[in-house]
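One letter stands for each residue in the lines below.
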Amino acid sequence: MAAKETITVTLDPELVQYAKHHARSFSVYVNEALAAKVHEDRRRRALLQAHRDRAHEGADHALVDRRMAHVAQQIAALTGEAQ
């Protein structure tokens, strides 16, 4: 792991007070909270990708292509554009 970096942040006072009273080290507390947020974001992104993959695998691609072509024809008819 790379050396830790010192940064300046602005935090809501009530969050600072809570962290100061519930952690032995403010820096450790903030670092763990940020790590938990990153972990949760990655977990959600992986779930979303898994859902997308399953939906894509189960899709009737020929049907989707036909429907998209039909929509394109309707748009062209409404806008007066040739296809």
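Refer to the structure above for everything that follows.
What this report covers is the structure whose coordinates are included nearby. On a predicted model such as this, the values are computed, not experimentally measured, just so you know. (Residues numbered from 1 in each chain as written. Predicted model: local features only at pLDDT ≥ 70, side-chain atom pairs only at ≥ 80, totals over all residues. Heavy atoms only, no water.)

1. Some details on the overall build of the chain
Inference 1: Of the regular secondary structure elements, the chain holds 3 helices and 0 strands.
Inference 2: For the chain, the succession of helices and strands along the chain, N to C, is α-α-α.
Inference 3: In terms of C-alpha radius of gyration, the chain reaches 25 Å, well past the compact-globule figure of 12 Å for 83 residues.
Inference 4: With the principal axes as the frame, the chain shows a C-alpha extent of 65 × 30 × 25 Å.
Inference 5: A total of 83 residues make up the chain; the buried ones form 4% of that total.
Inference 6: For the chain, the exposed surface amounts to about 7900 Å²; the carbon and sulfur share of it is 57%. (Helix = DSSP H or I, 4+ residues; strand = E, 2+ residues; numbered from the N terminus. Rg over C-alpha atoms; globule rule 2.2 N^0.38 Å. Buried < 20%, exposed > 50% of the residue type's maximum accessible area, 1.4 Å probe, protein only. Areas by Shrake-Rupley, 256 points an atom, 1.4 Å probe, with all protein chains shown as cover.)

2. Thoughts on the pattern of salt bridges
It is possible for side chains bearing opposite charge to pair when their charged atoms get close.
Inference 1: With the rule as written, the count across this model stands at 3 salt bridges.
Inference 2: Measuring nitrogen to oxygen at the nearest pair gives 2.7 Å for the salt bridge that ties glutamate 40 to arginine 43. Of this pair, glutamate 40 and arginine 43 are both found in helix α2 (residues 26-58), 3 residues apart, which corresponds to roughly one turn of the helix.
Inference 3: For glutamate 40, a relative accessible area of 24% gives the class partly exposed.
Inference 4: Look at arginine 43 and you get partly exposed, because its relative accessible area is 39%.
Inference 5: Ionic pairing is found between glutamate 40 and arginine 44, a salt bridge with its closest N-O pair at 2.8 Å. Here the residue glutamate 40 and the residue arginine 44 both occupy positions in helix α2, the gap between them amounting to 4 residues, near one helical turn. (Salt bridge = Lys/Arg side-chain N within 4 Å of Asp/Glu carboxyl O.)

3. Things to note about the environment of histidine 56
Inference 1: Looking at the element boundaries, histidine 56 is found in helix α2.
Inference 2: Judged by its relative accessible area of 54%, histidine 56 is exposed.
Inference 3: Between the C-alpha atom of histidine 56 and that of glutamate 81, which follows or precedes it by 25 residues, the distance is 31 Å.

4. A closer look at helix α3 (residues 61-79)
Inference 1: Between its terminal C-alpha atoms α3 stretches 27 Å, which fits the 27 Å expected from 19 residues at 1.5 Å a residue.
Inference 2: One or two positions beyond α3, positive phi appears at glycine 80, with a value near 75 degrees. (Expected span 1.5 Å × (residues − 1).)

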